Amino acid sequence: MKRRVTKAIFPVAGLGTRFLPATKSVPKEIMTLVDRPLIQYAIDEARAAGIKEFIFVTSRGKSALEDYFDHAPELEASLRKKGKTELLETLKSTNMESGAIAYIRQHKALGLGHAVWCARRLIADEPFAVILPDDVIAAEKPCLQQMTEAYEDTGGCMVAAMEVPPEKASAYGVLDVKEDMGSLVAVKGMVEKPKADEAPSNLAVIGRYILTPDVLKNLNRMKSGSGGEIQLTDAIADELSAERNVYGLRFRGQRFDCGSKAGFLQATVAFGLARDELKTELSEYLEQMVAQQKAAQ
Ligand code: G1P
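Residues numbered from 1 in each chain as written. Predicted model: local features only at pLDDT ≥ 70, side-chain atom pairs only at ≥ 80, totals over all residues. Heavy atoms only, no water.

## Quick notes on the site of the ligand
(1) Moving on: Within the structure, the ligand sits among 13 residues, and Asp135, Gly173, Glu192, Lys193 and Val205 are positioned closest to it.
(2) Moving on: Separating an oxygen atom of the ligand from a side-chain N or O atom of Glu192 is a distance of 2.6 Å.
(3) Moving on: A distance of 2.6 Å separates an oxygen atom of the ligand from a polar side-chain atom of Lys193.
(4) Moving on: Taken by itself the ligand offers 380 Å² of open surface, and the protein chains cover 74% of this.
(5) Moving on: Per element, the largest residue contribution to the shell around the ligand is 3 residues, and it comes from strand 11 (residues 203–211). (Near = heavy atom within 4 Å. Polar contact = N/O pair within 3.5 Å; in protein donor to acceptor, adjacent residues only side chain to side chain. Areas by Shrake-Rupley, 256 points an atom, 1.4 Å probe, with all protein chains shown as cover. Helix = DSSP H or I, 4+ residues; strand = E, 2+ residues; numbered from the N terminus.)

If you want it as structure tokens, here you go:
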């Protein structure tokens, strides 16, 4: 029998302080990359990987995010009446099946591991995915789908992995590699945000995970880790101590850190250039800007 993953957790409780003042009233997951909110990219990726149940771990001030997933019958009717078929299709493509979405509150900001743990009763006893919507990945085959395909053979836990410059490793969860099999690596240890000279490799965890329910049990221990927070990385590393397998998948694709302003801007440019209707105007503008900058130097 093939191993299937049908539930995904989206931790979206963060305050998004790096994007203040915008995030005073707009949840950062609603901020738009070209014309789609960040969360829509995460949902589309999950759907492509066969996810059927979407669990959002939210917090105060995120009601705009919950509203985003409501159907908009008045808007649909008005577009239909005006014959705006293409826009209508775009809108419909964001509609979610009734009952497919659940919202759970994280009452205290105790870390990513805690956020995932908050969804434990909805996951119960099956493998599940975690998607961090800040990490946007442009890929021919969506990253989570690459992972679910690899997971059919491996089982265990799997994290998305990417080489980062050594001086950047301390911003990530970092893998200690047992066996490098090319795109897939077997892991023997994981460290959350290691000190500059203590990173076991420069292979960083990127925000896509396939996890076993055992990880939720590990989180029951509420062990506080890096930054005093309950870290998902530590709960996955506990699987290694229990001699269960953890893998990293070097995915094919480009990752943008939309949790940072520079990353968000880069993603905006890259996704804009990927759109047929925008690429000519945008690339001409970028060329002009670069030329002007150079001339001014
Ligand atoms: C989180 C994880 C970290 C991972 C990173 C990827 O950290 O804790 O292991 O490498 O996402 O984006 P954060 O960026 O939320 O501090």
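## As for the pattern of salt bridges
(1) Moving on: Within the structure shown, the criterion is met by 18 salt bridges.
(2) Moving on: Asp35 is the salt-bridge partner of Arg275, the closest N and O atoms lying 2.7 Å from each other. Linking Arg275 in the loop between helix 10 (261–273) and helix 11 (276–296) with Asp35 in the loop between strand 2 (32–33) and strand 3 (36–37), this pair joins segments that are 240 residues apart in sequence.
(3) Moving on: One salt bridge in this structure joins Asp276 and Lys279, with 3.1 Å as the shortest N-O distance. (Salt bridge = Lys/Arg side-chain N within 4 Å of Asp/Glu carboxyl O.)

## Some words on the packing of aromatic side chains
Working definition: an aromatic ring pair is given by the centre-to-centre distance plus the angle between the planes.
(1) Moving on: Evaluated as defined, the whole model comprises 8 aromatic pairs.
(2) Moving on: Ring centres of Phe19 and Phe264 lie 5.7 Å apart, and the angle between their planes is 65°; on these two criteria the pair is classed as edge-to-face. You can see Phe19 sitting in the loop between strand 1 (7–11) and strand 2 and its partner Phe264 sitting in helix 10, a full 245 residues away along the chain. Taken individually, Phe19 and Phe264 each receive the classification buried, so the pair is uniform in this respect.
(3) Moving on: Centroid distance Phe256 to Phe271: 5.8 Å. Interplanar angle 65°. Geometry classified as edge-to-face. Here the residue Phe256 occupies a position in strand 13 (residues 254–257), and Phe271 occupies one in helix 10, the gap between them amounting to 15 residues. There is no split in this pair, since Phe256 and Phe271 are both buried.
(4) Moving on: Put simply, the rings of Phe10, Phe54, Phe56, Tyr68, Phe69 and Tyr103 touch in pairs and so form one group of aromatic residues.
(5) Moving on: Sitting over the ring of Trp117, Arg120 keeps its end group 3.6 Å from the ring centre. (Phe/Tyr/Trp six-rings, centres within 6.5 Å; stacked < 30°, edge-to-face > 60°. Buried < 20%, exposed > 50% of the residue type's maximum accessible area, 1.4 Å probe, protein only. Lys NZ or Arg CZ within 6 Å of the ring centre and 35° of its normal.)

## Structural notes on the nonpolar core
(1) Moving on: Among the nonpolar cores identified, the biggest contains 40 residues, and Phe10, Ile39, Phe54, Phe56 and Met158 are the most heavily contacted of them.
(2) Moving on: Setting aside its immediate chain neighbours within four residues, Phe56 contacts Phe10, Val12, Ile39, Ile43, Phe69, Ile101, Ala102, Tyr103 and Ile104.
(3) Moving on: The next biggest cluster of nonpolar side chains, apart from the first, holds 33 residues, and it includes Ile55, Ala119, Phe128 and Leu211. (Core = buried A, V, L, I, M, F, W, Y, C linked by side-chain atoms within 4.5 Å. Contact = heavy atoms within 4.5 Å.)

## Points about the environment of Leu15
(1) Moving on: Note on placement: Leu15 falls in the loop between strand 1 and strand 2.
(2) Moving on: Spatially, the C-alpha atoms of Leu15 and Phe128 are 25 Å apart, while their sequence positions differ by 113 residues.

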